[in-house]
Amino acid sequence: MEPTAVIVWRVIIARATMLGACLLAIFLAGLVLVVAVVLLGPTKRFKRLEAAYDAACDACPEIMTRFLGVALCSRARGDRAMAWCRARALDAPNPLGQCVYLTLCLGGHAMFVDGVEGRLLDAGDGGGWTAATGAAFAFATVTWLAACCSDPGTITRDNVERHATVYAHDDVVYHRKECRTLRTEAPARSKWCATTNRRVAKFDHFCVWINNTVGLCNFRYFLAFLVGQLTLVTYVAFACARGVTADANRRDAWSLRFRDGSTRGTTLRDDKAMLYRFVVYYYGPAFALGIFCALLTVVLSVFLGYNVYLAARNVTTNETFKRDALRDAVAATKAAGETSAVDWDEVMRNRYDRGVWANLMEVVRPPVSADRPWRVPCATTSPSSTAKAKTH
């Protein structure tokens, strides 16, 4: 009669095959890859992610149009439906990204509390882990709400003069021009946000996860949002690893022998493939959540580091695109061998860079405060900000 401590190899094969375990790993890696492409692709600093992002932007609308055409039994109806979706979901603020975030956050919280904290940590007694879990999720949620509801620095006819004194036009990236909606000179470093239909001071980008524009007055909250999410996924990844190893040690799982056709069998210490299947089968929720959050930790660390780097140089995401185009133009001019008295190094110099410390303090304490610091996300405040404009 077999000892009760022996786990039969054929049970593991039946319940948790290597194919299923590999499919789970591929699914988790694919999900994180999608997040990485969405977050890092638009930055144009990671060539392969940029290529994947551009390919997705080109292919997805066409695929969706064909799908809608088949579903509605008409290509013309599919085109109209896709145009409606583009106007409502892609070219206008909508809560889709926020719903995805809440689904991941709340679903992950329930999965962690039930499958990790309640079963594995401190022998099923959460103890101090309960307080830490609540603090981590609360911090992530509060920073997300702050980023969602903060005003990015909306420029209106009433405050345009105040914003115009903050930055001077460098006549390289920013030239003097009129904002046709405000009917006044557009302040330097501002940009018309085509998604929310408002001019934003020191425009950075529109973030779908917070359904809000990121600009001069709320970039600090956006960074806090990234720190909050990074803290959460790092904590969850560590807690999952801690729970699995602690429970396995408590049950002395490392010395269990599995039938593999030999007389002595094999242990988890000796067979890494068996260890992987054992963890997937017996610690499925902790494994899935831990791997997902560990991969997200890497992605968010890179994205946060990139944004802090831009802040330390006093450059916005929008300006990186402009400067890349300018840099390419300068390189083409030099390659052509054209003689010029222009000091290209001086032209390329960032005139808004005041030093790392001063640049970071500008993020923490913006030189201009918003008229209404907190508002319903993407709500408009004046007729000037609701007017439509094609180019600004």
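Conventions used here
Residues numbered from 1 in each chain as written. Predicted model: local features only at pLDDT ≥ 70, side-chain atom pairs only at ≥ 80, totals over all residues. Heavy atoms only, no water. Helix = DSSP H or I, 4+ residues; strand = E, 2+ residues; numbered from the N terminus. Buried < 20%, exposed > 50% of the residue type's maximum accessible area, 1.4 Å probe, protein only. Contact = heavy atoms within 4.5 Å. Areas by Shrake-Rupley, 256 points an atom, 1.4 Å probe, with all protein chains shown as cover. Expected span 1.5 Å × (residues − 1). pLDDT = per-residue confidence, 0-100. Phe/Tyr/Trp six-rings, centres within 6.5 Å; stacked < 30°, edge-to-face > 60°. Salt bridge = Lys/Arg side-chain N within 4 Å of Asp/Glu carboxyl O. Core = buried A, V, L, I, M, F, W, Y, C linked by side-chain atoms within 4.5 Å. Pairing = 2+ DSSP bridges. Axes fitted to C-alpha atoms, helices over the stretch in contact; angles between N-to-C directions. Parallel < 35°, antiparallel > 145°, perpendicular 65-115°, else oblique. Nonpolar A, V, L, I, M, F, W, Y, C, P; charged D, E, K, R; others polar. Polar contact = N/O pair within 3.5 Å; in protein donor to acceptor, adjacent residues only side chain to side chain.

Quick look at the overall build of the protein chain
If you tally the helices and strands in the protein chain, you get 14 helices and 9 strands. Counting over 392 residues, the protein chain shows a buried share of 44%. For the protein chain, long-range pairs separated by at least 24 residues make up 68% of all intrachain contacts whose partners lie at least 6 apart in sequence. Only carbon and sulfur atoms are counted for the fraction: they give 63% of the accessible area of the protein chain, which is about 20800 Å².

Side note on helix 5 (residues 96-117)
One turn of the α-helix equals 3.6 residues, which is why residues spaced by three or four share an orientation. Between its first and last C-alpha atoms helix 5 spans 30 Å; for 22 residues at 1.5 Å apiece the expected length is 32 Å, and the two agree. Of all the residues in helix 5, the buried ones are Gly97, Gln98, Tyr101, Cys105, Gly108, Phe112, Gly115, Val116 and Glu117. Close packing links the buried residues of helix 5 with helix 6 (128-149), helix 8 (219-250) and helix 10 (284-313).

Thoughts on the confidence of the model for the protein chain
Chain-level pLDDT for the protein chain is 81 on average; 84% of the residues reach the 70-or-more range. Counting contacts from residues 379-392, a segment whose pLDDT is below 50, to residues more than four positions away or on other chains yields 33 contacts.

Points about the packing of aromatic side chains
Using the criterion set out here, one finds 11 aromatic pairs in the structure. Between the aromatic rings of Tyr101 and Phe225, the centroid separation amounts to 6.2 Å while the plane-to-plane angle is 65 degrees, which identifies the pairing as edge-to-face. Remark: Phe225 occurs in helix 8 and Tyr101 occurs in helix 5; sequence separation between them is 124 residues. On the accessibility criterion, Phe225 (5% relative accessible area) is buried.

Re the pattern of salt bridges
According to the stated counting rule, one finds 10 salt bridges in the structure shown. The salt bridge involving Arg66 is made with Glu62; its shortest N-O contact spans 3.0 Å. A residue pair is termed a helical-turn pair when its members lie 3 or 4 positions apart in one helix, as Arg66 and Glu62 do in helix 3 (residues 47-71) at 4 residues. By relative accessible area, Glu62 is classed as partly exposed at 33%. Linking Lys202 and Glu362 is a salt bridge whose minimum nitrogen-to-oxygen distance equals 2.9 Å. You can see Lys202 sitting in the loop between strand 5 (198-200) and strand 6 (205-207) and its partner Glu362 sitting in helix 13 (residues 356-364), a full 160 residues away along the chain. Among the ionic contacts, a cluster of salt bridges with common partners joins Glu62, Arg66, Arg75 and Asp79.

A short note on unusual backbone geometry
Although it is not a glycine, Arg183 adopts a positive phi angle of roughly 55 degrees. Position of Arg183 relative to the elements: it lies in the loop between strand 2 (178-179) and strand 3 (184-185). Within the chain, Asn314 stands out as a residue other than glycine whose phi angle is a positive 60 degrees. The topology assignment puts Asn314 in the loop between helix 10 and helix 11 (317-335).

Re the nonpolar core
Formed by 62 residues in total, the largest nonpolar core has its most connected members in Leu39, Phe112, Ile210, Phe222, Phe225, Val236 and Tyr283. Secondary-structure elements contributing two or more residues to this core are helix 2 (18-40), helix 5, helix 6, helix 8, helix 9 (272-282) and helix 10. If near-sequence neighbours (up to four positions away) are discounted, Tyr283 is found in contact with Leu120, Val244, Asp247, Ala248, Arg251 and Phe278. Within the second largest apolar cluster, 18 residues are counted, among which are Val173, Cys179, Ala186 and Val368.

Notes on the sheet that holds strand 4 (residues 191-193)
Taken in spatial order, the 3 strands make up an open sheet running 1-5-4, and their pairing is antiparallel. Edge positions in the open sheet fall to strand 1 (154-155) and strand 4, since each of these has one partner strand only. When strand 4 meets strand 5, the two strands line up antiparallel, connected through 3 bridges. Bridging from a neighbouring strand, Trp192 pairs with Arg199 of strand 5.

Quick look at the packing of helix 10 against helix 13
Viewed as axis vectors pointing N to C, helix 10 and helix 13 meet at an angle of 110 degrees, and their least axial separation amounts to 7 Å. The orientation of helix 10 with respect to helix 13, classified from their angle, is roughly perpendicular. Together, Val308, Ala311, Ala312 and Arg313 of helix 10 and Val356, Asn359, Leu360 and Val363 of helix 13 make up the contact between the two elements. Broken down by class, the residue content of the contact of helix 10 with helix 13 amounts to 6 nonpolar, 1 polar and 1 charged.

A word on the side chain of Asn218
By secondary structure assignment, the location of Asn218 is in the loop between strand 7 (212-214) and helix 8. The class of Asn218 is buried, set by a relative accessible area of 1%. At 3.4 Å, the side chain of Asn218 forms a polar contact with the side chain of Ser150. Leave out the neighbours within four places in its chain, and Asn218 touches Ala147, Ser150, Asp151, Pro152, Asn212 and Thr213.

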